[in-house]
Amino acid sequence: MQFRGNKQFASAVGLVLGLLCAVEAAKVNKHKPWIETTYHGIVTENDDKVLLDPPLIALDKDAPLRYAGEICGFRIHGQNVPFEAVVLDKSTGEGVIRAKDKLDCELQKEHTFTIQAYDCGEGPDGANMKKSHKATVHIQVNDINEYSPVFKEKSYKATVIEGKKYDSILKVEAVDADCSFQFSQICSYEIVTPDVPFTIDKDGYIKNTEKLNYGKDHMYKLTVTAYDCGKSRASEDVLVKINVKPTCKPGWTGFNKRIEYEPGTGSLALFPSMHLETCDEPITSIQASIELETNHIGKGCDRDTYSEKSLHKLCGASTGTVELLPAPSSSANWTVGLPTDNGHDSDQVFEFNGTQAIKVPEGVVSTSLKEPFTVSVWMRHGPGAHEKETILCNSDKTEMNRHHFSLYVHNCRLIMLLRQDPSEAENYKPAEFHWKLDQVCDKEWHHYVLNVEFLTVSLFVDGTTFEPFLVTEDYPLHASKIDTQLTIGACWQDNSGHDNDTETVSEPAPGGNARMAQFFRGNLAGLMIRSGKLENKKVIDCLYTCKEGLDVQLPEEVASAVKVEFNPNQSSLTVEGDDIDAFDKVMQHISYLNSRQFPTPGIRHLRVSTTVKCFNEEACVAVPEAEGYIMVLQPEEPKISLSGIDHFARGAAEFESQEGVTLFPELRIVSTITREVEADAEPEVTQGAEDDPTVQETVVSEEIMHNLDTCEVTAVGDELDGEHESLEVDLAQLQQRGLEMSSSNVGLVITGVNTMANYEQVLHLIRYKNWHTEALFDRKFKLVCSELNGRYISNDFKVEVNVIHTANPMEHANNAMVQPNFINPVHHASVDLSGHNLVNAHQASVVPSAATIVIVVCVSFLVFMIILGVFRIRAAHQRTMRDQENGKENEMDWDDSALTITVNPMETYEDQHSSEEEEEEEEESEDGEEEDDITSAESESSEDEEGGEPEDQQGASRQQQLEWDDSTLTY
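Not measured: the values here are computed from a predicted model.

Definitions and limits used
- Residues numbered from 1 in each chain as written.
- Predicted model: local features only at pLDDT ≥ 70, side-chain atom pairs only at ≥ 80, totals over all residues.
- Heavy atoms only, no water.
- Helix = DSSP H or I, 4+ residues; strand = E, 2+ residues; numbered from the N terminus.
- Buried < 20%, exposed > 50% of the residue type's maximum accessible area, 1.4 Å probe, protein only.
- Areas by Shrake-Rupley, 256 points an atom, 1.4 Å probe, with all protein chains shown as cover.
- pLDDT = per-residue confidence, 0-100.
- Contact = heavy atoms within 4.5 Å.
- Pairing = 2+ DSSP bridges.
- Phe/Tyr/Trp six-rings, centres within 6.5 Å; stacked < 30°, edge-to-face > 60°.
- Lys NZ or Arg CZ within 6 Å of the ring centre and 35° of its normal.
- Disulfide = S-S within 2.5 Å.

Asker: Describe the overall build of the chain, and please don't skip the residues or the numbers.
Answerer: Regarding its fold elements, the chain presents 14 helices and 58 strands. Among the 971 residues that make up the chain, the fraction classed as buried is 39%. Of the roughly 54900 Å² of accessible surface on the chain, a fraction of 50% belongs to carbon and sulfur atoms.

So this is what it looks like as structure tokens:
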């Protein structure tokens, strides 16, 4: 029994062990595959095969068992890995890694991922397969030279200065898109353009191989290419422009030396493209002075050239101004002997050479030291001798040589002498006022105004006030009844007791009695004196202000960065700043302006002086002066035309009436300028018009408006006899228009600056009166007007006035009502009609009556001929209609064999004559000519000439064919 129990136990153990052995025998895939822990691979872009180090091989200890010892594949772990692993031999475990797609090194140069190997498991179904550990794979993508170099810029520019050799002018740079160092690096550059004085290094720096010459070449154009280290050339070459500048010289560029100014065009920019070249120096401040030189124009600049008296009135000065140096005329002739510039384009000035002086006639001015008065003068004076030079002097006329007041120059000082009135208390009072002025001796024009009020004198020079540096006192003059003499250019001294009335006195020969002393040497103009009132500062500034000068309109963006200052007459300005660009803009806005309607033509010199400072506060850049000139062109000269009725007749009673005879009832003043305008041409002709000397220019006349300052009416022939004739004008109308009138035995002169329309109205008011017309047949007058103190003068407008006389006073009164106002007098060969003629009363009465009879007869004859012509035309028309009706009847046929025809020869002749007139009228209508005023004699002669034509011969033959018995006719 025990044995049986042991046997069962052993069987169970055996069964268990067998089962265990069967299970152990069934478990054949015992080991995991093995691979390296790290792999490094290389793959070339655009290729899929990866070279690994070490090679990809997986080992399995279950080999050589089938399935368990075989490697079925590799698994790659990672996101978006562009690789795959493939088993080449399952038994050996050899595999490869390859790219799924073409790789791009430029996108990603390296890839890293992990990889596992796995076996085939226990059977074909891959059950119980085992995986190896994860190995890291690093793969580098090798580059190929697929890209060419490309330049960063499309073109390159540089500027160099001639005569300088540069280490580097500019750098060109190219890039390559390849990812590798070898193929992405630019190994060299090359200048493709041959024979140029430039070279380029491997880094792209260009330099010149020799000194460049601006005169040889202003600019060089180079073609440059690049190579990468793979010897690939740039896809496109690049253009390099190198400008050669002349050697840098500090100064102004864009400055035109000649600038033309067209009158009437307003403001003209002087430096529109001006630039200051500082040669790249570090600038801290710039100062420029622009000077316009106008000293040679008129009295220092362009001003209105009206008379000084008119200018005072235009500036608002009070009335009572007396002009002591007027232009020589019939009413003011004391300046006739003085030398002048005789210029009409600018102001007229008088020259005093140290030997000439003039006496002002009595009554021209009355000056009392008890009342304030003003003296104004333009003076140009240079350094002279150490002697007194008198400008204006009022001294004793006879016996004594006392100076009551005088204005003179001594050692570059201006001195005003004022002696007290003898009636004043005998004590010291200011007598001489001294001003030491540079202007007195600088040989330039200056304007002086002295407001004199006893004990004080105020001086204005060019509008600026000056205080006297010295005032001396003196006793009053002794009382006397000696008259005074006012002189200009010297002081009157009488040592002989005789008076001399000549206006211009020259220095006498040595040994004679000196009549003049302290002669002036220089130029004077516009010497005025006004008694009773002082000039105010506004009037003084107006008298001095120029009509031309410099101007500037500052741009808003640079107004705060630049400082601009003008001198009083705007002939110079100063510009200061520290920014070159802002400074250039201000200079470009500086302009020249001349506000005169007719400016003085000629040159105005222009100078620009510049000072530039650097950080060391010194003038580091020497900028040379820029000099040029403004050419003011000749203005279009106006042509002043006077027109109206130039010949008329009036009855003697009108001349003797209170109103007199109006000389210029329909006067018209017109001013025109003539411009040359190129005629319009065809387009093809216009292209070569500039070179074609035959191109015509059209002259266009244009009416303009401007002022007049003088109109003078003078008698032609004999002077006016104040005892029985005169020229008159309404003074109230003159004063209302601000005009003045002076008259003499020559005529009358109207002066004052005013419009042409106002002058027309005033000239319409001029009347001629004559109280004794018995011996007067006609009178002639001449009118001349001018502008700008005689610069522009009108035509001579002459008027002839005839006096109509009658046989007796009664007939004179009746004939004056029916005789025409305007008749042409009949000139007899034996009678001289120039001037005003004295003839007997019989001739004066017969000639106008005979002329009237002749006119009446001529008019009556003309009316008679017109009526006769109308009658003849109507008669011809009626005959034509009758002939047409007869023609219609002739068209009917009848037998006239038994008819006896009797013809009136006179009727036949009339019919023939009427037919000839009709033919003549037809010919006249065809020619389109009408002769309304043909006389009867002319008509008959034309008919006689036409009677010789063939038509008349045919009519005569027809008349001869007709025969009749005229034996029974009685005549």
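Still to come is the rest of the account.
Asker: Before we move on, can you summarise the confidence of the model for the chain with the specific residues and values?
Answerer: For residues with low pLDDT, the predicted coordinates do not support detailed interpretation. Across the chain, the average pLDDT comes to 77, with 75% of residues at 70 or higher. Put simply, helix α13 (residues 936-946) is where the chain has its lowest mean pLDDT, 38, and strand β14 (residues 198-200) is where it has its highest, 95. Throughout residues 681-691 the model reports pLDDT below 50, and contacts reaching past four residues in sequence, or to other chains, amount to two contacts. With pLDDT under 50 throughout, residues 887-971 is counted as low confidence; its partners more than four residues away or in other chains account for 39 contacts.

Asker: Explain the sheet that holds β14 to me, using residue names and the numbers behind them.
Answerer: Strand order in the open sheet made by the three strands is β11-β15-β14, with antiparallel pairing throughout. Since the sheet does not close on itself, it has two edges, and those belong to β11 (170-171) and β14, each with one partner.

Asker: I'd like to hear about the sheet that holds strand β3 (residues 56-57), residue by residue, with values.
Answerer: The sheet built from three strands is open, its strands ordered β3-β6-β5 with antiparallel pairing. Edge positions in the sheet fall to β3 and β5 (83-89), since each has one partner strand and no second. Inspection of the sheet shows β5 paired to strand β6 (residues 94-99) by six bridges, in the antiparallel sense. Paired with valine 86 across the bridge in β6 is valine 96.

Asker: Explain the packing of aromatic side chains to me, using residue names and the numbers behind them.
Answerer: Throughout the structure, instances matching the rule amount to 14 aromatic pairs. Through a chain of ring-to-ring contacts, three or more aromatic side chains come together here, namely Phe655, Tyr768 and Phe781. When the ring centre of tyrosine 118 is taken as reference, the NZ or CZ atom of arginine 75 above it lies at 5.4 Å. The ring centre of tryptophan 492 lies 4.4 Å from the NZ or CZ of lysine 359, which sits over that ring.

Asker: Please set out unusual backbone geometry residue by residue, giving values where relevant.
Answerer: The step from aspartate 53 to proline 54 runs through a cis peptide bond, and the omega angle for that step is -5 degrees. Assignment of secondary structure puts proline 54 in the loop between β2 (51-53) and β3. Look at the link from alanine 63 to proline 64: it is a cis peptide, with omega at 10 degrees. Checked against the element boundaries, proline 64 lands in the loop between β3 and β4 (71-77). For asparagine 789, which is not a glycine, the phi torsion comes out positive at approximately 55 degrees. Looking at the element boundaries, asparagine 789 is found in the loop between β56 (778-787) and β57 (792-793). Using a relative accessible area of 31% as the deciding quantity, one classes asparagine 789 as partly exposed.

Asker: Go over the state of the cysteines with me, naming the residues and quoting the values.
Answerer: Considering all chains together, one arrives at nine disulfides under this definition. Between the sulfur of cysteine 248 and that of cysteine 279 lies a disulfide, 1.7 Å long from S to S. The chirality of the disulfide connecting cysteine 248 with cysteine 279 is left-handed, given an S-S dihedral of about -105 degrees. Placement of the pair is cysteine 248 in the loop between β17 (238-245) and β18 (251-253) and cysteine 279 in the loop between β21 (275-277) and β22 (283-293), with a sequence separation of 31 residues. A relative accessible area of 27% places cysteine 248 in the partly exposed class. Shown here is the disulfide that connects cysteine 711 with cysteine 785, its sulfur atoms set 2.0 Å apart. Of note, the bridge from cysteine 711 to cysteine 785 carries an S-S torsion of about 110 degrees and is right-handed in sense. Taken together, the residues cysteine 711 in strand β51 (residues 707-716) and cysteine 785 in strand β56 connect sequence positions 74 residues apart.

Asker: A description of the side chain of aspartate 396 should follow, citing residues and the corresponding values.
Answerer: Note on placement: aspartate 396 falls in strand β27 (residues 389-396). Those residues in contact with aspartate 396 that sit more than four places away from it in its chain are Asn401, Arg402, His404, Ile482, Asp483, Thr484, Gln485 and Trp492.

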